[in-house]
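Structure assessment
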Amino acid sequence: MGLEEKLPSGVLLASVEKLAGYARKSSVWPATFGLACCAIELMATGGARHDLARFGMERASNTPRQADLMIVAGRVSQKMAPVLRQIYDQMAEPKWVISMGVCASSGGMFNNYAIVQGVDHIVPVDIYLPGCPPRPEMLMDAILKLHDKIQNMKLGVNRERQVTELEDARLRRLPLVAGLHPGGHG
């Protein structure tokens with residue numbers, strides 16, 4: 001016999017974390033950073049056929065101070081990298097990043113000195129979206145996966161602990177150069 005059975009109907013029980021997560025995921029405002037052909041697919045996602053407004057994302061921010069999601073669509077040149085970082089730094093916390101397309105995720109076919117070989121060298125990326133260019137449906141799927149991540153995010157001290165645990169787990173998965181691994185001796 002639980003508490004739910006003793007309450008009258010119409011009473012909602014939820015934690016503050018769950019309610020805050022639901023509110024955050026339902027009001028994600030993107031700051032689009034379209035740099036190449038992936039930007040065309042990004043624009044198509046906001047059109048009538050795909051309609052990002054269904055997910056509370058109809059307001060694309062022209063200022064980073066009002067945005068909490070950066071969608072990097074296309075290849076990032078070395079000259080554009082500091083601008084991308086500056087826009088990211090101006091965004092309010094909490095903030096998320098989707099790397100859209102193979103060029104943003106890994107440099108794509110442009111393996112040269114002028115193109116950054118993955119936007120994760122500049123800003124932390126939450127979702128990598130493959131494809132050249134990825135279809136609008138794929139972007140919408142990535143956004144829904146990000147919504148799940150946002151909704152289940154912890155708050156306060158629990159969030160800091162969760163972020164630290166995730167970062168440690170990612171560092172343990174990375175292939176490290178001998179002598180550079182944490183806690184090890186050359």
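See above for the structure.
All of the points below concern the structure found in this document.

Conventions we followed
- Residues numbered from 1 in each chain as written.
- Predicted model: local features only at pLDDT ≥ 70, side-chain atom pairs only at ≥ 80, totals over all residues.
- Heavy atoms only, no water.
- Helix = DSSP H or I, 4+ residues; strand = E, 2+ residues; numbered from the N terminus.
- Contact = heavy atoms within 4.5 Å.
- Areas by Shrake-Rupley, 256 points an atom, 1.4 Å probe, with all protein chains shown as cover.
- Phe/Tyr/Trp six-rings, centres within 6.5 Å; stacked < 30°, edge-to-face > 60°.
- Lys NZ or Arg CZ within 6 Å of the ring centre and 35° of its normal.
- Core = buried A, V, L, I, M, F, W, Y, C linked by side-chain atoms within 4.5 Å.
- Buried < 20%, exposed > 50% of the residue type's maximum accessible area, 1.4 Å probe, protein only.
- Axes fitted to C-alpha atoms, helices over the stretch in contact; angles between N-to-C directions.
- Parallel < 35°, antiparallel > 145°, perpendicular 65-115°, else oblique.
- Nonpolar A, V, L, I, M, F, W, Y, C, P; charged D, E, K, R; others polar.
- Pairing = 2+ DSSP bridges.
- Polar contact = N/O pair within 3.5 Å; in protein donor to acceptor, adjacent residues only side chain to side chain.
- Salt bridge = Lys/Arg side-chain N within 4 Å of Asp/Glu carboxyl O.

1. Thoughts on the overall build of the chain
For the chain, the count of helices and strands is seven helices and four strands. A separation threshold of at least 6 residues defines the contact pool for the chain, and within that pool the share at least 24 residues apart is 75%. Element-wise, carbon and sulfur atoms account for 56% of the exposed surface of the chain, whose accessible area totals about 11,500 Å².

2. Some words on the packing of aromatic side chains
Enumeration according to the criterion identifies zero aromatic pairs in this entry. When the ring centre of Y88 is taken as reference, the NZ or CZ atom of K95 above it lies at 4.2 Å.

3. A closer look at the nonpolar core
The tendency in soluble globular proteins is for nonpolar side chains to be buried as a group. Judged by nonpolar contacts, the single largest core of 21 residues is most densely connected at M57, L69, I71, I98, M100, L139 and L146. Broken down by secondary-structure element, the contributors of at least two residues to this core are α3 (38-45), β2 (69-73), β3 (96-100), β4 (127-129) and α6 (136-151). A total of six residues in this core trace back to one element, the largest contributor, which is α6. Membership of the second largest hydrophobic core comes to 15 residues, among which are F33, V72, A81 and V116.

4. With respect to the packing of α3 against α6
For the pair α3 and α6, interaxial distance at closest approach is 9 Å and the crossing angle is 70°. Taken as axis vectors, α3 and α6 run roughly perpendicular relative to one another. Contacts between α3 and α6 involve E41, L42, A44 and T45 on the former and, on the latter, P136, L139 and M140. Looking at the contact of α3 with α6 residue by residue, the classes come out as five nonpolar, one polar and one charged.

5. Some details on the sheet that holds β3
The strand order β1-β2-β3-β4 describes an open sheet built from four strands, whose pairing is parallel. Of all the strands in the sheet, just β1 (30-34) and β4 have a single pairing partner and so form its edges. Ignoring strand direction, the axes of neighbouring strands in this sheet form an average angle of 15°. Inspection of the sheet shows β3 paired to β4 by three bridges, in the parallel sense. Residue S99 lies in a different strand from β4, and its bridge partner there is Y128. Here α3 sits on the sheet in contact with β1, β2 and β3, set at roughly 135° to β2. The strands touched by α6 within the sheet are β2, β3 and β4, with β3 carrying the most contacts at an inclination of about 155°.

6. Quick notes on the side chain of S99
In this structure, S99 sits in strand β3. Using a relative accessible area of 0% as the deciding quantity, one classes S99 as buried. Here the side chain of S99 touches A104 through a polar contact of 3.4 Å, landing on its backbone oxygen. A distance of 3.0 Å separates polar atoms of two side chains, one belonging to S99 and the other to S105. Contact partners of S99, with chain neighbours within four places excluded, come to V72, A104, S105, V119, V125, I127, Y128 and L129.

7. Comments concerning the pattern of salt bridges
Enumeration over the complete set of coordinates arrives at six salt bridges. Here D126 ties to K149 by a salt bridge, and the two come within 3.1 Å at their closest N and O atoms. In this pair, D126 sits in the loop between α5 (102-106) and β4 while K149 sits in helix α6, placing the two residues 23 residues apart along the sequence. Taking relative accessible area as the criterion, D126 reaches 25% and is therefore assigned partly exposed. Its relative accessible area of 30% is what places K149 among the partly exposed residues. Note that D141 and K145 form a salt bridge whose closest N and O atoms lie 3.1 Å from each other. Placement of the pair is D141 and K145 together in helix α6, with a separation of four residues, close to one helical turn. Exposure remark for D141: the relative accessible area of 36% places this residue in the partly exposed category.

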